[in-house]
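Spelled out, the chains give:
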Amino acid sequence: MAESAIITRVFTEVQQIPAPAWNALLAQQAVPTPFMRHEYFAALEASGSATLETGWQPCFITLWEGEALVAACPLYAKNHSSGEYVFDWAWARAYAEHGLEYYPKAVIAVPFTPVPGSRLLARDAATRALLAQTVRRWVEAQDGWSSIHALFTEDADLAACRADGWMQRGGVQFHWHNRVSDSTGARRLRDFDDFLAQLQQEKRKKIRQERRKVAEAGVTFRVLRGAEIQAADWDFFYACYARTYYEHGNAPYLARDFFAAMAAQMPQHWLLFIAELDGRRIAASLIALNGQAAQCVAGSASAGSVAYGRYWGALERVDCLHFEACYYQPIEWCIAQGIERFEGGAQGEHKMARALLPTPTASAHWIAHPAFADAVDRFLEREGTGVQAYLEELQAHSPLRQADPAAG
């Protein structure tokens, strides 16, 4: 491919990029998610959630062939490491200890969203490779930028980054898959009892106990989807969401206006569970849906349908309510709809007891300083060995029942 035919343009606002062109390019990728849609980034900017003032300065890198957008990625200049979920605080401290500045750095990511998916949007592998090179060259040309970090990437992105000399870092999340193997072969689960039947006895017992506590407390749930979620529902959800952050000593990452934009621009991608007790609303959990899941009707989700656990909060405390709102209600809904996968978000070994199984994640990193690049490379090699051992240990403690060798 002749690079001379490709023009690079850098935009400080996603609104400067035509939304149809961006979303059409996203639709061509191997792992598109709703969080990479133009509307999502626009809402982050317009609401003040991810802007220069919050330490997320947009510098969207795009490649054009004539009037056609052929590659693009969401790049942010950052002066901190918050809201990323791939932790490099130790790298920043090491820089500081040697009298060097780690910030600003470049991050290719969806702010505050640890959901794996396509990050380097491109029409083909060659253009994706060129995009990775272009990003690296552009960051090199900036004054004092230390590094690039492409977070929660998929295989095609990793290949393009590795080809340009970037380093790879692994992590672990916990995802639930709507499938079980029996005498008839692999199939989707029929209902929540079918879900429980695949678990070890102690795990089944624990889940039943947890659900019983919530039910005996008198808590019931309403499920609202898409346009059914009214402004008052979003207000209630936001009160729960914000309270969770404040209880942990932090301000919420996302502004109320962000969710107003989601309701207006991307309503089909959201599912809200509202917990009620004695006629009053006490808690809420918000689930996101990818394109296939957003289009489904009961029991008929198409291949590749995914639900994503995103946010939750409670105004009153009920024992085990968090597990019910964030895991059991969404999983039960996913089974009824035929959704293939439910991603539980960042961290959390406790999710394994709820049949969310360990799943490797990956990111790519480029460090400008040669000596630090060597040091980080050695660190990642050691860390990678540890992550692999951790993953194997988790897999050895699967909550699923072992197949009966005498069966069949």
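Coordinates for the structure precede this section.
Residues numbered from 1 in each chain as written. Predicted model: local features only at pLDDT ≥ 70, side-chain atom pairs only at ≥ 80, totals over all residues. Heavy atoms only, no water.

Draft legend 1. Examining the side chain of Lys-78 more closely. Within the secondary structure, Lys-78 is located in strand S5 (residues 75–78). Within the local environment of Lys-78, its side chain forms a polar contact with the backbone oxygen of Ser-82, the two atoms lying 2.6 Å apart. There is a polar contact of 2.7 Å between the side chain of Lys-78 and the side chain of Glu-84. In this structure, Lys-78 is in contact with Gly-55, Trp-56, Glu-84, Tyr-103, Pro-104, Lys-105 and Val-107, ignoring residues within four places of it in sequence. (Helix = DSSP H or I, 4+ residues; strand = E, 2+ residues; numbered from the N terminus. Polar contact = N/O pair within 3.5 Å; in protein donor to acceptor, adjacent residues only side chain to side chain. Contact = heavy atoms within 4.5 Å.)

Draft legend 2. The arrangement of the pattern of salt bridges in detail. Considering all chains together, one arrives at 27 salt bridges under this definition. A salt bridge links Arg-281 to Asp-233; its shortest N-O distance comes to 3.0 Å. Remark: Asp-233 occurs in helix H8 (residues 231–247) and Arg-281 occurs in strand S14 (residues 280–289); sequence separation between them is 48 residues. Here Glu-247 makes a salt bridge to Arg-243, at a shortest N to O gap of 3.1 Å. You can see Glu-247 and its partner Arg-243 sitting in helix H8, four residues apart, about one turn around the helix. Residue classification places Glu-247 among the partly exposed residues on the basis of a relative accessible area of 42%. Exposure remark for Arg-243: the relative accessible area of 36% places this residue in the partly exposed category. (Salt bridge = Lys/Arg side-chain N within 4 Å of Asp/Glu carboxyl O. Buried < 20%, exposed > 50% of the residue type's maximum accessible area, 1.4 Å probe, protein only.)

Draft legend 3. Representation of the sheet that holds strand S8 (residues 147–150). With respect to topology, eleven strands assemble into an open sheet ordered S2-S5-S6-S8-S17-S9-S16-S15-S14-S13-S12, the strand pairing being mixed. Here the strands that pair on one side only, and so sit at the sheet edges, are strand S2 (56–58) and strand S12 (219–225). Direction aside, the axes of adjacent strands within the sheet are offset by 30° on average. Summarising the sheet, S2 and S5 pair through three bridges and their orientation is antiparallel. Counterpart to Trp-56 in the pairing with S5 is Lys-78. (Pairing = 2+ DSSP bridges. Axes fitted to C-alpha atoms, helices over the stretch in contact; angles between N-to-C directions.)

Draft legend 4. Structural detail: the packing of aromatic side chains. The full count for this structure, using the stated rule, is 31 aromatic pairs. Measuring from centroid to centroid gives 6.3 Å for Trp-91 and Phe-379, while their planes differ by 90°, and the two rings are edge-to-face. Here Trp-91, found in helix H3 (residues 89–97), pairs with Phe-379, found in helix H12 (residues 370–396); they are 288 residues apart in sequence, far enough to count as distant. Geometry around Tyr-311 places Arg-310 over its ring, the cationic atom sitting 4.9 Å from the centre. One cation-aromatic arrangement involves Arg-354 over Phe-323; the distance from NZ or CZ to the ring centre is 3.8 Å. (Phe/Tyr/Trp six-rings, centres within 6.5 Å; stacked < 30°, edge-to-face > 60°. Lys NZ or Arg CZ within 6 Å of the ring centre and 35° of its normal.)

Draft legend 5. Quick look at the packing of helix H1 (residues 19–27) against helix H2 (residues 38–46). Direction vectors running N to C along H1 and H2 enclose 125°, while the axes themselves pass 9 Å from each other. When the axes of H1 and H2 are compared, the pair comes out oblique. Between H1, through Ala-19, Trp-22 and Asn-23, and H2, the contact on the second element is made entirely by His-38, Glu-39 and Phe-41. Residue composition of the contact of H1 with H2, by class: three nonpolar, two polar and one charged. (Parallel < 35°, antiparallel > 145°, perpendicular 65-115°, else oblique. Nonpolar A, V, L, I, M, F, W, Y, C, P; charged D, E, K, R; others polar.)

Draft legend 6. Representation of the sheet that holds strand S7 (residues 121–122). Strand order in the open sheet made by the four strands is S1-S3-S4-S7, with antiparallel pairing throughout. Of all the strands in the sheet, just strand S1 (7–11) and S7 have a single pairing partner and so form its edges. Relative to strand S3 (residues 60–65), S1 runs antiparallel, the two being bridged by five bridges. By the bridge assignment for S3, Arg-9 is matched with Thr-62.

Draft legend 7. Inspection of the packing of helix H4 (residues 125–141) against helix H5 (residues 155–163) at higher detail. Contact geometry for H4 and H5: axes closest at 8 Å, N-to-C directions at 55°. If you check the angle between H4 and H5, you find them oblique. Between H4 and H5 the crossing geometry is right-handed. Facing Arg-128, Ala-129 and Ala-132 of H4, the residues of H5 in contact are Ala-156, Asp-157, Ala-160 and Cys-161. (Left-handed = near helix turned anticlockwise from the far one by under 90°.)

Draft legend 8. Quick look at H1. Taken residue by residue, H1 has Trp-22, Asn-23, Leu-25 and Leu-26 as its buried positions. An end-on view of H1 places all buried positions within 160° of arc, on one side of the element. Opposite the packed face of H1, turned more than 90 degrees from it, sit the exposed residues Pro-20 and Ala-27. Each element contacted by the buried residues of H1 is listed here: H2, S3, strand S4 (68–73) and S7. (Arc of directions from axis to C-beta.)

Without other data, these values stay purely geometric and don't point to any function.
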